[in-house]
Amino acid sequence: MAIRWKSTRSADAAMVSLSEAIGQGLASDGGLFVPERLPRLQVSDFDGLSSLPDVAGRFLKDFFSGDSLEGQLSQICSSAFDFAVPLRSFSDGPRVLELFHGPTAAFKDFGARFLAQCLVRTRSEFTVLVATSGDTGGAVAAAFWKLKGAKVVVLFPEGRVSPRQQKQLTAWGENIRALSVRGDFDDCQRLVKAAFQEPALRDSLQLTSANSINAGRLLPQAAYYVHASLAYFRETGRPLSFFIPTGNLGNALSALWAREAGLPIGKITLCTNANRSLSEFYRSGTWKAFPTEATLANAMDVGNPSNLERLLTFQAKPSELVAHGVGTERVDDDAIRDGIQAFDRRWSEAICPHTATAYQAWVRQGEPKDSALVSTAHPAKFETIVEPLLGYKIPVPSTLDFILTRTEKFTTIDPELDALRTELRKN
Ligand SMILES: *Cc1c(COP(=O)(O)O)cnc(C)c1O
């Protein structure tokens, strides 16, 4: 039976298929799409399957059944997930699930590539318009690069992204264009919203969004939790717990979906940086957004996590979440620095500041066995933080090196819709 998608808000908003949920982004009542139910799977359902695309295809089967993309699921998985997802071991230490072997060296590649492969199969000519404060825009650009019929326009705040991030936004060429906006990230987001609200622009360019609340970015992330927990269970006969660096809660949601579908996953710990909305919620039981605080783990600098509504569809109260095996730890910048150094001292390996939050949470919980730290980015992406702490140079992986050696090309615009409109019309 096909799994349809419902809104987090009103129970009676019409349910849609996966490709409709992907195309619409947000539900008609402004809520977020969540699956009406999850598949009921057992380890034996995956017998004979071990590669990431094969495991992903099996996990996603019920979501695609009856959908217009049903016949293309295995092709979508093999094109989107064409890089390694090692679950490494460290002696007397945790497992580490490395999610940074894709083209932009961070886990956002999984969602962006899957979404791209779905969209090119449902539309003929379209323009993806995306505002970015750093990692997302690069993953989206890389995912759509050279895909037929697709164009991408990335807006980023002038002078506010790191040099390596800027390369990942501006050096693709071909069907990817970058606009440097004289303003901040909020200006970029405002311009994107304004463009979507202008019917003439939206329709003539077939504007499409690829933002992080899209179901087509969250669902595929479950695949690496399925893959890792299966591999661990086959090896040890035990479920695997995950420590997940968390900002907007997208990555964590994907793990919950995989566990809810019956995979052998133990406890899930949401590891945040100093931003406190989640830990305060657990402490007080009342949800409150906080102003965003800048930290060393900047991809997790979120004061009001956009996927909270989805988390609360599982259990509405922190006490229930805890009983349900979903905990949280808050890790400030001093502890992040300490974590990067400690991990290197113990296992001679550099980790990124986001992964360091997971390491510290694991230590605080008494270094439990059967646990994996989710490593969301390669440390070479954050070399200005990590190298001074460790005192050595971190080799750049070949995926990242490819884009770092290309030439940047971008246009700078004023933060006005007129300026964006002029640029879009040139497309
Ligand atoms: C986006 C990101 C995160 C946070 O993931 P969410 O899905 O927003 O919780 C963590 N680490 C890195 C490197 C990221 O790019």
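In what follows, the accompanying structure is described. These numbers were taken from a predicted model, which means no experiment stands behind them. Each chain has its residues counted from 1, running along the sequence as written. Thresholds applied to this predicted model are a pLDDT of at least 70 for local features of residues and 80 or more for the giving and counting of side-chain atom pairs; totals over whole chains, interfaces and linings are not thresholded and use all residues. Calculated side-chain values reflect all of the structure's heavy atoms, with hydrogen atoms and water omitted.

1. So, the site of the ligand
For the record, the criterion: A cutoff of 4 Å decides nearness: a residue is near a molecule or strand if any of its heavy atoms lies inside that distance of it. For this analysis, a polar contact is any N or O atom pair within 3.5 Å, provided that within protein one partner can donate a hydrogen and the other can accept it, and provided that sequence-adjacent residues contribute only side-chain to side-chain pairs. The Shrake-Rupley method, run with a 1.4 Å probe, gives the accessible areas here. Residue values count only the displayed protein chains as cover. Any residue that is not Ala, Val, Leu, Ile, Met, Phe, Trp, Tyr, Cys, Pro, Asp, Glu, Lys or Arg is counted as polar, Gly included; the first ten are nonpolar and the last four charged.
Lys108, Gly247, Asn248, Asn251 and Thr376 are the nearest of the 14 residues found near the ligand. At a separation of 3.1 Å, an oxygen atom of the ligand approaches a polar side-chain atom of Asp135. Take Asn251: an N or O atom from its main chain is 2.9 Å from an oxygen atom of the ligand. When the free accessible area of the ligand is taken as 390 Å², the share hidden by the protein chains comes to 96%. A breakdown of the residues in the shell around the ligand according to their chemical character gives five nonpolar, seven polar and two charged.

2. Remarks on the pairing of strand 12 (residues 371–375)
To keep it simple, the criterion reads: When a residue's accessible area, from a 1.4 Å probe over protein chains only, is under 20% of the maximum for its type it is buried; when over 50% it is exposed; and in between it is partly exposed. The way it works is that DSSP assigns letters per residue, a run of H or I at least four long becomes a helix, a run of E at least two long becomes a strand, and they are numbered from the N terminus. Two strands pair under a simple rule: DSSP has to find at least two bridges between them.
In terms of residue burial, strand 12 counts as a mostly covered element, since five of its five residues are buried. Both faces of strand 12 are covered, namely the face carrying Ser371, Leu373 and Ser375 and the face carrying Ala372 and Val374. Where strand 4 (residues 95–98) and strand 12 come together, four bridges link them in parallel fashion. Each residue of the ladder has a partner; that of Arg95, found in strand 12, is Ala372. Here strand 9 (residues 240–245) pairs with strand 12 via three bridges, running parallel. Residue Phe243 lies in a different strand from strand 12, and its bridge partner there is Leu373.

3. Re the nonpolar core
Selection criterion: Only buried residues count toward a nonpolar core, which is a set of Ala, Val, Leu, Ile, Met, Phe, Trp, Tyr and Cys residues joined through side-chain atoms within 4.5 Å. We call two residues in contact whenever any of their non-hydrogen atoms come within 4.5 Å of each other.
Ranked by internal contacts, the top residues of the largest apolar core, which has 97 residues, are Trp5, Phe59, Phe64, Phe144 and Phe242. When neighbours within four sequence positions are excluded, Phe64 is seen to be in contact with Leu18, Leu69, Glu70, Leu73, Ile76, Phe114 and Cys118. Listed in part, the 33 residues of the second largest apolar core include Ala106, Ala335, Ala350 and Phe382.

4. Here we look at empty space enclosed by the protein
Quick note on the threshold: Definitions used for this entry: grid spacing 1 Å over protein atoms alone; cavity, a set of points where a 1.4 Å probe fits but cannot get out; pocket, an open set with protein on both sides within 12 Å along at least 5 of 7 lines; lining residue, one with an atom within 4 Å of a point. Grid points are joined across faces, edges and corners, and a volume is the space filled by probe spheres set on the points.
Taken as a whole and judged by the stated rule, the model has one cavity of 30 Å³ or more. Taken together, the residues of the lining of the largest cavity break down into four nonpolar, six polar and no charged.

5. With respect to the pattern of salt bridges
The following threshold applies: Whenever Lys or Arg places a side-chain nitrogen within 4 Å of a carboxyl oxygen from Asp or Glu, that contact is recorded as a salt bridge.
Taken as a whole and judged by the stated rule, the model has 21 salt bridges. For Glu235, the salt bridge identified is with Arg95, shortest N-O distance 2.6 Å. Within this pair, whereas Glu235 is found in helix 10 (residues 222–236), its partner Arg95 is found in strand 4, the two being separated by 140 residues in sequence. On the basis of relative accessible area, Glu235 is assigned to the exposed category, the value being 52%. In this structure, the salt-bridge partner of Glu280 is Arg283, at a minimum N-O distance of 2.7 Å. Of the two residues, Glu280 and Arg283 are both situated in helix 12 (residues 277–284); the distance of three residues between them amounts to about one turn of the helix. Since its relative accessible area comes to 63%, Arg283 is described here as exposed.

So, to be careful, I would describe these as geometric facts and stop short of saying anything about function.
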